[in-house]
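What the coordinates show
Below are the chains, spelled out letter by letter.
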Amino acid sequence: MASVYPVIVDTPAQVTGMLDIILAHPGERLYIDLEGEQLSCRGTLDLISIHVEAAYQTWLVDVHTLGDCAFSTTATADGYTTLRSVPESVHRVKSVVDIQLLELASRRGFKDRYLLGLSKCISRCDRIYADEKARWQETKEKDRQLLLANSELFRVRPLVQDTLLYCAGDVALLPRLLRQFEPFPIGFWRWFAAKETRDRIKEAHENWYRPEGPEKADAPWIKGILIARKQEHKVETGRKA
């Protein structure tokens, strides 16, 4: 597997230590994944996986144990940065990349109506070795079986070994997925992926948002917005010219 063993962050002191390392790598991308139940304004967030490639570090933030301390504890490096403020900064929000949308935009020629899940994105990534894919899939299947047996698996303490590896494995592979798909979308499609990512973030903050459902696999243009987006792109690029 491409990941180091994750560091479990379940005390305020460990949150501070993690933030200090993140601040020591300014400009580095944060690769993030969330685990919980019905991830939305009405759901629960139990775990946050964070990977910083340049630091060779993966953290598993135990939100279930820490509660609000996970987001209010500050770094010692500057005295004010928190886990909440890092992703909410203007720079971070503008540079958020959604792997699903990036993969969709990177497809050459005909782009069908469906988004790919993480498993299919990994299977199509040439930068991830076959044995790594097999180990990742094996770990994912083990965790899936555990979830079937216990829907509150991400709240079980101590955390199950397979759950630790599953969470860490997801974010540790994201840098290579990004390098696989990022070079290909150009022009309208690069703009389109960025625009839809920002819209997804806004939508997730709405009270009516539901994180699951068959429509989540639909490409954005199934909503009938592709023509409108092309018009927006023409206006925006014309304004910059």
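What comes next concerns the included structure. This one's a predicted model, so the numbers in the text were calculated from it and none came from an experiment. (Residues numbered from 1 in each chain as written. Predicted model: local features only at pLDDT ≥ 70, side-chain atom pairs only at ≥ 80, totals over all residues. Heavy atoms only, no water.)

Okay, the pattern of salt bridges next. Oppositely charged side chains are able to pair whenever their charged atoms sit close together. Following the criterion strictly, the structure yields 14 salt bridges and no others. Here Asp46 and Arg155 are joined by a salt bridge, their closest N and O atoms 3.4 Å apart. With Asp46 in strand β3 (residues 44–52) and Arg155 in the loop between α8 (130–149) and α9 (161–181), this pair connects stretches of sequence that are 109 residues apart. Assessed through its relative accessible area of 5%, Asp46 is described here as buried. Between Arg84 and Asp68 there is a salt bridge whose closest N-O contact spans 3.5 Å. Of this pair, Arg84 sits in the loop between α3 (69–72) and α4 (85–88) while Asp68 sits in the loop between α2 (63–66) and α3, and the two are 16 residues apart along the sequence. Connected through shared salt-bridge partners, Glu103, Arg107 and Arg124 make up one network. (Salt bridge = Lys/Arg side-chain N within 4 Å of Asp/Glu carboxyl O. Helix = DSSP H or I, 4+ residues; strand = E, 2+ residues; numbered from the N terminus. Buried < 20%, exposed > 50% of the residue type's maximum accessible area, 1.4 Å probe, protein only.)

On the basis of which strands lie adjacent, the open sheet formed by four strands has the order β1-β4-β3-β2 and mixed pairing. Both edges of this open sheet fall to β1 (7–9) and β2 (31–37), since each of them pairs with a single strand only. When the angles between neighbouring strand axes are averaged without regard to direction, this sheet yields 20°. Taken together, the three bridges between β1 and strand β4 (residues 57–62) define a ladder with parallel strand orientation. Residue Ile8 lies in a different strand from β4, and its bridge partner there is Leu60. Across the sheet, α9 lies against β1, β2, β3 and β4, angled at about 145° from β2, the strand it touches most. (Pairing = 2+ DSSP bridges. Axes fitted to C-alpha atoms, helices over the stretch in contact; angles between N-to-C directions. Contact = heavy atoms within 4.5 Å.)

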